[in-house]
Amino acid sequence: MSIEARAADAVNDAQDQPDQLDQQRLSELDLLEAESIHILREVAAEFERPVLLFSGGKDSITMLRLAQKAFHPARIPFPLLQVDTGYDFPEVLQTRDNWVERLGARLIVASVEQAIADGVVVDDGRTSRNRLQIGTLLHAIEEHGFTAAFGGGRRDEEKARAKERIYSHRDDFGQWDPKNQRPELWSLYNGRIHPGEHMRVFPLSNWTELDIWHYLAREQVEIPSIYFAHRRRVFERDGMLLSESPHNPLRDGEVVTEREVRFRTVGDLTLTGCLESTASSYDQIVQEVAVARVTERGATRGDDRFSEAAMEDRKKEGYF
Amino acid sequence: MDLLRFATAGSVDDGKSTLIGRLLLDSKAIFEDQLEAVESTSRSKGYDYTDLALLTDGLRSEREQGITIDVAYRYFATPRRKFIIADTPGHVEYTRNMVTGASTADLGLVLVDARRGLSEQSRRHAVLLSLLGVPHIVLAVNKMDLVDYDQAVFDRIDEEFTAFAAKLDVPGISVIPVSALRGDNVVERSQHMPWYEGPALLDYLETVEVRRRSRVAARLPVQYVIRPKSQEHHDYRGYAGRVTGGAFAPGDEVVVLPSGQRSRIAGIDLFDRTLETAPDGLSVTLRLEDDIDISRGDVICAVEAAPEVTRAVEATVCWMASAPLRTGQKLAFKHTTRTGRAVVGALATQLDVNTLEPLGSPESLGLNEIGQVTLRLSQPIVTDSYADNRTTGSFILIDEATGVTVGAGLIA
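Source: prediction; values computed, not measured.

**Digging into the packing of helix α3 (residues 58-71) of chain A against helix α7 (residues 209-219) of chain A**
All names here are of chain A.
Point 1. Running from N to C, α3 and α7 point in directions that differ by 55°, and their axes come no closer than 10 Å. Classified by the interaxial angle, the pair formed by α3 and α7 is oblique. Where α3 crosses over α7, the two elements pack in a sense that is left-handed. Within the contact between the two elements, α3 uses Lys58, Asp59, Ile61, Thr62, Arg65, Leu66 and Lys69 and α7 uses Glu209, Ile212, Trp213, Tyr215, Leu216 and Glu219.
Point 2. Taken together, the residues of the contact of α3 with α7 break down into six nonpolar, one polar and six charged.

This is the structure:
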């Protein structure tokens with residue numbers, strides 16, 4: 001069978017089996033959901049001050065949905081933290097606010113611009129907002145005394161992430177030590193930390209991009225509209241399609257055209273590219289992702305293109 | 001679609017990375033930009049061929065040394081199954097990382113080089129997989145192209161491994177001749193080995209019936225008590241946790257351990273739905289008919305075949321710290337959702353990591369050594385044997401000063 005036929009089959013398979021809970025055998029989405037909910041509950045029970053890092057993107061929305069399920073009918077027993085680069089898409093901020101209101105959650109916004117104004121991080125004009133998020137995030141974690149921070153990172157995204165534990169220990173400088181990770185056995189997570197240290201926890205470790213889309217399609221929850229195909233004024237830079245914006249001044253030779261596009265990831269709009277697409281529903285996105293030939297980060301994230309170890313280096317410093 | 005978690009083991013030279021690379025490539029789990037990056041790195045380093053190990057060795061230090069230090073997780077799916085691969089390191093000094101990867105596996109895939117046959121390392125991997133209760137082991141005899149697809153070579157290794165594996169506690173053993181480089185018997189059945197009548201590796205992985213070893217009745221270690229304290233749900237009290245070992249249904253009689261109080265299940269909630277059954281593996285919230293005192297660390301159990309409540313355990317311990325384990329040592333433990341302190345009693349027997357044969361009574365257990373140990377606990381725990389239930393039969397030991405996980409325990 002060809003790869004495309006297999007992928008199409010996989011899509012049909014998932015659509016034919018929306019709910020298998022009445023059977024003894026759980027679907028892969030049910031198992032992933034159960035594992036993530038288990039992790040969310042462990043952290044809520046064992047850590048004094050957890051926080052959920054919420055960007056408003058598809059992964060953090062999935063994580064928030066799982067948290068909503070984990071503690072229902074109670075409210076989520078921890079706040080959300082968003083690191084606002086100042087260059088976020090307005091549609092993403094709108095979705096963020098809608099979720100916060102719907103869940104009655106508490107949102108803390110750590111602003112990169114405020115961090116620059118306060119001298120917490122230094123904007124030398126060359127460092128991207130993505131990189132400046134690291135210092136802003138670590139400062140917010142320290143300022144609020146958070147002992148655990150949920151991140152939406154997945155192991156299929158990138159090869160350094162593929163190595164990371166579900167409970168990822170950070171020292172009092174916020175650093176990850178990849179060569180010296182704690183053994184992590186069964187589902188017995190070790191949450192011991194010393195004062196000043198914290199744990200990054202990745203409940204979506206075992207999800208793939210396609211799992212996320214299958215799950216969002218199953219749950220039919222709100223995500224930012226820019227994930228779906230829409231008309232947008234864009235220009236080409238470094239092989240990516242970037243959005244026209246006051247934050248994105250055009251360089252010589254760059255021309256703005258209007259195209260039908262959608263975003264595969266949402267981040268800092270100066271670095272996040274979109275792709276030409278007509279996928280305007282969850283099902284169409286699932287079809288598109290199932291036959292994609294390029295990774296989501298490779299396709300649309302300028303921040304990962306600097307070197308082979310770009311993610312490992314940022315993670316060591318305390319990145320998401 | 002269901003899920004199969006498998007752990008791969010074997011040394012670098014056995015072609016493990018090539019095999020994983022081929023499974024990922026042929027199932028479309030590697031993307032063009034990833035392949036291009038690996039090809040360009042291979043070219044710039046002057047290699048003759050594309051080094052697929054660069055795909056899985058995700059850390060700078062691993063790429064520099066050309067070895068796997070820590071577990072990497074890989075994902076791929078076919079129409080029949082989703083797969084999670086824990087790609088584990090082969091060297092004996094990274095045994096603890098191998099154990100990390102194998103602890104959640106349903107199946108172990110061990111590679112050997114057809115020219116060399118079984119190595120000490122491949123035996124050790126099979127032994128560790130057996131110890132961790134992994135119910136299936138597939139031995140992939142690789143590089144068959146380099147022995148001219150000779151059936152006699154394969155038969156010799158097959159017989160030797162089957163005889164060796166008969167001593168292990170693994171119900172499902174399969175041996176498959178492959179060439180990862182040429183693709184023989186990986187995704188498609190090979191034309192070169194008409195004498196082999198079994199399935200290709202991927203076909204086997206897609207169809208193998210996963211015998212999860214939860215042979216006793218249902219348990220739910222309580223993680224979190226849900227009390228909304230809101231107007232709408234004023235009296236709601238739910239016990240949140242993940243079901244293991246069997247299924248719960250409303251009306252079932254249950255016993256809460258260690259206290260021994262009994263009640264019945266009033267309802268099973270999963271978000272906005274109430275369920276007719278909560279099968280093994282699902283995270284749910286149970287409501288009980290009676291208002292009894294239950295908190296995190298307690299276990300809600302089916303009344304038949306209830307687990308044991310004990311303050312002393314005999315267990316096989318894999319030691320993972322460079323400072324040795326000694327009699328009289330005090331440690332923290334975590335078992336299901338309960339944490340407490342443990343004192344090490346007798347170190348009864350050390351086991352040979354390569355054979356699991358007893359080596360006599362040790363003074364101490366060093367890094368990556370395995371032994372049978374008795375522990376006395378500061379509070380009672382609710383246990384099954386590891387062979388009956390991985391969740392209620394396992395625990396970790398934690399160094400109280402550093403907070404680091406230093407041991408993995410499997411209850412006898």
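**A few points about the nonpolar core**
Point 1. One finds B:Phe6, B:Phe248 and B:Ile300 to be the most contacted residues of the largest nonpolar core, which totals 166 residues.
Point 2. With eight residues, helix α2 (residues 28-46) of chain A is the single largest residue contributor to this core.
Point 3. Among the nonpolar cores identified, the runner-up in size contains 20 residues, and B:Val313, B:Trp319, B:Phe333 and B:Ala342 belong to it.

**Observations concerning the packing of aromatic side chains**
Point 1. A full pass over the atoms with the stated rule returns 16 aromatic pairs over all chains.
Point 2. Where A:Trp207 meets A:Tyr215, the ring centres are 5.1 Å apart and the plane angle is 85°; that geometry is what we call edge-to-face. Each member of the pair, A:Trp207 as well as A:Tyr215, is classed as buried.
Point 3. Their ring planes at 80° and their centres at 5.4 Å tell us that A:Phe228 and A:Tyr282 sit as a pair that is edge-to-face. Of this pair, A:Phe228 sits in the loop between α7 and β7 (230-237) while A:Tyr282 is found in helix α8 (residues 282-290), placing the two residues 54 residues apart along the sequence.
Point 4. With a relative accessible area of 8%, A:Tyr282 lands in the buried category.
Point 5. Aromatic rings pair up to connect A:Phe71, A:Phe78, A:Phe150 and B:Tyr224 into one cluster.
Point 6. Its guanidinium or amino end placed over the ring of A:Trp99, A:Arg102 lies 4.7 Å from that ring's centre, counting from NZ or CZ.
Point 7. When the ring centre of A:Trp213 is taken as origin, the NZ or CZ atom of A:Arg262, which lies over that ring, is 5.8 Å away.

**A short note on the sheet that holds strand β15 (residues 308-319) of chain B**
Residue and element names in this part refer to chain B.
Point 1. If you walk around this closed barrel you meet the six strands as β15-β20-β18-β17-β21-β22, and the pairing is antiparallel. Taken pair by pair, the neighbouring strands of this sheet meet at an average axis angle of 40°, ignoring direction.
Point 2. Direction of pairing for strand β18 (residues 338-351) relative to strand β20 (residues 370-383): antiparallel, over a ladder of seven bridges. When the bridges of β20 are listed, Leu351 appears paired with Ile370.

**So, the sheet that holds strand β4 (residues 107-113) of chain B**
All names here are of chain B.
Point 1. One open sheet holds the six strands; their spatial order is β2-β3-β1-β4-β5-β6, and the pairing between them is mixed. Lying at the two open borders of the sheet, with one neighbouring strand each, are β2 (72-77) and β6 (172-177). Taking the axes of each pair of neighbouring strands and ignoring which way they run, one obtains an average angle of 25° across the sheet.
Point 2. With seven bridges joining them, strand β1 (residues 2-9) and strand β3 (residues 81-87) adopt parallel strand pairing. What sits directly across from Leu4, in β3, is Phe83.
Point 3. Running over the sheet, helix α5 (residues 95-102) touches β1, β2 and β3 and is turned about 165° from β1.

**A word on unusual backbone geometry**
For residues other than glycine, phi is negative in most cases, and the peptide bonds are mostly trans.
Point 1. A:His72 connects to A:Pro73 through a cis peptide bond whose omega is 5°.
Point 2. Here A:Pro73 shows up in the loop between α3 and β2 (80-84).
Point 3. Residue B:Pro258 is reached from B:Leu257 by a cis peptide bond, and omega for that bond is 10°.
Point 4. Tracing the backbone shows B:Pro258 in the loop between β10 (253-257) and β11 (261-270).
Point 5. Positive phi, normally seen in glycine, also occurs at A:Asp238, with a value near 50°.
Point 6. What makes A:Asp238 exposed here is its relative accessible area of 61%.
Point 7. Phi at B:Asp148 is positive, roughly 55°, even though this residue is not glycine.
Point 8. With respect to the helices and strands, B:Asp148 occurs in the loop between β5 (136-142) and α7 (151-165).
Point 9. Judged by relative accessible area, B:Asp148 falls into the exposed class, the value being 66%.

**Brief notes about the domain arrangement of chain A**
All names here are of chain A.
Point 1. Split by domain assignment, chain A resolves into domain 1 (18-206 + 308-317) and domain 2 (213-304).
Point 2. Contact with domain 2 buries surface across domain 1, with Lys58, Tyr87 and Phe89 losing the most and accounting together for 29% of the total.
Point 3. At the boundary of domain 1 with domain 2, the tally comes to six salt bridges.
Point 4. A salt bridge links Glu91 to Arg232; the nearest nitrogen and oxygen atoms lie 3.5 Å apart.
Point 5. The set of elements that each furnish at least two residues to the side of domain 1 that touches domain 2 consists of α2, α3, α4 (90-103), α6 (129-144) and α10 (310-317).
Point 6. Of the residues that constitute the side of domain 1 that touches domain 2, the class distribution is 10 nonpolar, 10 polar and 13 charged.

What counts as what
- Residues numbered from 1 in each chain as written.
- Chains lettered and ligands numbered in written order.
- Predicted model: local features only at pLDDT ≥ 70, side-chain atom pairs only at ≥ 80, totals over all residues.
- Heavy atoms only, no water.
- Axes fitted to C-alpha atoms, helices over the stretch in contact; angles between N-to-C directions.
- Helix = DSSP H or I, 4+ residues; strand = E, 2+ residues; numbered from the N terminus.
- Parallel < 35°, antiparallel > 145°, perpendicular 65-115°, else oblique.
- Left-handed = near helix turned anticlockwise from the far one by under 90°.
- Contact = heavy atoms within 4.5 Å.
- Nonpolar A, V, L, I, M, F, W, Y, C, P; charged D, E, K, R; others polar.
- Core = buried A, V, L, I, M, F, W, Y, C linked by side-chain atoms within 4.5 Å.
- Buried < 20%, exposed > 50% of the residue type's maximum accessible area, 1.4 Å probe, protein only.
- Phe/Tyr/Trp six-rings, centres within 6.5 Å; stacked < 30°, edge-to-face > 60°.
- Lys NZ or Arg CZ within 6 Å of the ring centre and 35° of its normal.
- Pairing = 2+ DSSP bridges.
- Domains from an automatic or database assignment.
- Buried area = accessible area lost by both parts, 1.4 Å probe.
- Salt bridge = Lys/Arg side-chain N within 4 Å of Asp/Glu carboxyl O.

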